[in-house]
Amino acid sequence: MDCADLVGMLLEESGMTKSALSEVSGVSRSLLDGYLKGTTQPSLPQLERLAAAAGRRIEVTVKRRLEISESFIAVLELGELFPRKEKDPLPDLSDVWALASRRAAAHA
């Protein structure tokens, strides 16, 4: 989700007009329009003010990037070279599930 989507979601979920959200948050209407168009990027404090005005809060989570080694990618590419084996279709278990459901209902 980019900032324009986030600001749009805050605006929609708050039920406020752009002018009202601007007034309550202290973020100018022209900045708010820029955020919604994606021509301007809000700072984290501005996003927090918009979220608070909309009755929400911003939570930031920092996670380690997943690093994929070149050798792992090579193994995956090698696997793509082999033909794929057709798999047998899964068995129809609808009768088994129906019986189990009836037994569970009888014990409830």
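Coordinates for the structure precede this section.
Residues numbered from 1 in each chain as written. Predicted model: local features only at pLDDT ≥ 70, side-chain atom pairs only at ≥ 80, totals over all residues. Heavy atoms only, no water.

Let's shift gears to the pattern of salt bridges. Note on pairing: side chains with opposite charge can pair once their charged atoms come close. Applying the stated rule across the entire model yields five salt bridges. A salt bridge links R29 to D33, with the shortest nitrogen-to-oxygen separation between them at 3.4 Å. Linking R29 with D33, this pair stays in helix α3 (residues 29–37), spanning four residues, or about one helical turn. Salt bridges sharing common partners tie together K18, R29 and D33. (Salt bridge = Lys/Arg side-chain N within 4 Å of Asp/Glu carboxyl O. Helix = DSSP H or I, 4+ residues; strand = E, 2+ residues; numbered from the N terminus.)

For the pair helix α2 (residues 18–25) and helix α4 (residues 44–53), the least separation of the axes is 9 Å and the interaxial angle reads 115°. By the criterion of interaxial angle, the relationship of α2 to α4 is roughly perpendicular. Crossing angle aside, the handedness with which α2 passes α4 is right-handed. Contacts between α2 and α4 involve L21, V24 and S25 on the former and, on the latter, R49, L50 and A53. (Axes fitted to C-alpha atoms, helices over the stretch in contact; angles between N-to-C directions. Parallel < 35°, antiparallel > 145°, perpendicular 65-115°, else oblique. Left-handed = near helix turned anticlockwise from the far one by under 90°. Contact = heavy atoms within 4.5 Å.)

Together, L66, I68, F72, I73 and L76 make up a nonpolar patch on the protein surface, roughly 500 Å² of accessible area in all. By the element assignment, L76 lies in helix α5 (residues 70–80). Its relative accessible area of 48% is what places L76 among the partly exposed residues. (Patch = residues over 30% accessible without salt bridge, like charges linked within 9 Å, V, L, I, M, F, W, Y side chains within 5 Å. Areas by Shrake-Rupley, 256 points an atom, 1.4 Å probe, with all protein chains shown as cover. Buried < 20%, exposed > 50% of the residue type's maximum accessible area, 1.4 Å probe, protein only.)

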